[in-house]
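A look at the structure
The residues making up each chain are set out below.
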Amino acid sequence: MQTVNQVSKQSGVSVRTLHHYDAIGLLKPTKVTPAGYRLYDDTALRRLQSILLFRELQFPLKEIKAILDRPDFDPAQALAQQIELLELQYKRIGQLISFAREIQQKGVTTMDFQAFDKTEIEQYKAEAKKKWGNTPAYQEYEEKRKSGQDFEKATPGLMALFAELGALRQLSPADGAVQEKIAALQAFITANYYTCTKEILSGLGQMYVGDERFTRSIDQAGGHGTAQFVSRAIAVYCGEE
């Protein structure tokens, strides 16, 4: 058994954070002494490791708790998915480092700003507004944007979901695990962008394969063929297959 201070020193997680994890039920101590001291065994420490890996992948604490508390939670499978997501993150960091080195070699005066070009993003917005600007979903999106909500902060979480779906490509789109991820995708869109009805989700599924830009982004997150797989899984979820 280790005290909360010992766990803090070993893991680098502050005592205050460990107390918070206890308060929200994410990481309960194995035992609390009569004097009120929290004690953690090896099982608790393994759970903390899982929590920290999910945090590195920018999963919200609420989602981490839901994952770890599932009766069918498989630590080995979760670790495999975490490794895949970390490898994708590593690949992305490598690309940014290469780009930064290229800037360094060229010099500031000849810096290429193409990587920061938001033209494509603005094009997405324009197309979306033209296509569904009068719908309640778009109006909800605009209200959130005007209130100062930063949609870019949600992007890593969205890409992480696509990466998780990509890791399930060997399964049938109708498999229960796949359908749970589609439900999570729908909930994530609702929580971070706009109310995602099945009708809207169905349209997104078609767009993921109909627009090469979306296909490219999703496949980059989850591997070649992920966009097609997600589209088929959405069709099953929405009762179209």
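Quantities reported herein were computed from a predicted structural model and do not represent experimental measurements.

1. Re the nonpolar core
Grouped together as the largest cluster of nonpolar side chains are 26 residues, with contacts concentrated most on Phe162, Ile182, Leu185, Ile189, Tyr208, Val230 and Ile234. Per-element accounting of this core gives the leading share, six residues, to helix H12 (residues 226–237). Ranked by size, the runner-up nonpolar core spans 21 residues in total, among them Val7, Leu18, Ile51 and Ala160.

2. Some remarks on empty space enclosed by the protein
If you roll a probe as big as a water molecule over the atoms, it shows you where there is empty space left. Counted by the stated rule, this structure contains one cavity of 30 Å³ or more. Here the largest cavity defines a volume of roughly 50 Å³. Per element, the largest residue contribution to the lining of the largest cavity is four residues, and it comes from helix H8 (residues 155–166). Considered class by class, the residues forming the lining of the largest cavity number six nonpolar, two polar and two charged.

3. Details of the confidence of the model for the protein
The predicted model of the protein averages 80 in pLDDT, with 79% of residues at 70 or higher. When the criterion is pLDDT under 50, residues 109–117 qualifies, and its contacts beyond four places in sequence or with other chains add up to five contacts.

4. Here we look at the packing of aromatic side chains
All chains considered together, the criterion is met by three aromatic pairs. Through a chain of ring-to-ring contacts, three or more aromatic side chains come together here, namely Phe162, Tyr208 and Phe214. Stacked on the ring of Tyr237, the Lys or Arg Lys198 has its end atom at 4.9 Å from the ring centre.

5. Here we look at the layout of surface pockets
The calculated volume of the second largest pocket comes to roughly 860 Å³. Lining the second largest pocket are 34 residues, with Phe59, Ile67, Glu164, Lys181 and Ala184 sitting closest to its centre. For the lining of the second largest pocket, the element with the most residues is helix H9 (residues 176–192), which contributes nine residues. Of the residues contributing to the lining of the second largest pocket, the split by class is 18 nonpolar, seven polar and nine charged.

6. What to know about the packing of H9 against helix H10 (residues 198–210)
Where H9 meets H10, the axes come as close as 11 Å, and the angle between the chain directions of the two elements is 105°. With respect to each other, H9 and H10 are oriented roughly perpendicular. From H9, Ile182, Gln186 and Ile189 reach across to H10, where they touch Lys198, Leu201, Leu204 and Tyr208. For the contact of H9 with H10, a count of residues per class yields five nonpolar, one polar and one charged.

Rules behind the numbers
Residues numbered from 1 in each chain as written. Predicted model: local features only at pLDDT ≥ 70, side-chain atom pairs only at ≥ 80, totals over all residues. Heavy atoms only, no water. Core = buried A, V, L, I, M, F, W, Y, C linked by side-chain atoms within 4.5 Å. Buried < 20%, exposed > 50% of the residue type's maximum accessible area, 1.4 Å probe, protein only. Helix = DSSP H or I, 4+ residues; strand = E, 2+ residues; numbered from the N terminus. 1 Å grid on protein atoms, 1.4 Å probe; cavity = no way out; pocket = protein on both sides within 12 Å on 5 of 7 lines; lining within 4 Å. Points joined across faces, edges and corners; volume = space filled by probe spheres on them. Nonpolar A, V, L, I, M, F, W, Y, C, P; charged D, E, K, R; others polar. pLDDT = per-residue confidence, 0-100. Contact = heavy atoms within 4.5 Å. Phe/Tyr/Trp six-rings, centres within 6.5 Å; stacked < 30°, edge-to-face > 60°. Lys NZ or Arg CZ within 6 Å of the ring centre and 35° of its normal. Axes fitted to C-alpha atoms, helices over the stretch in contact; angles between N-to-C directions. Parallel < 35°, antiparallel > 145°, perpendicular 65-115°, else oblique.

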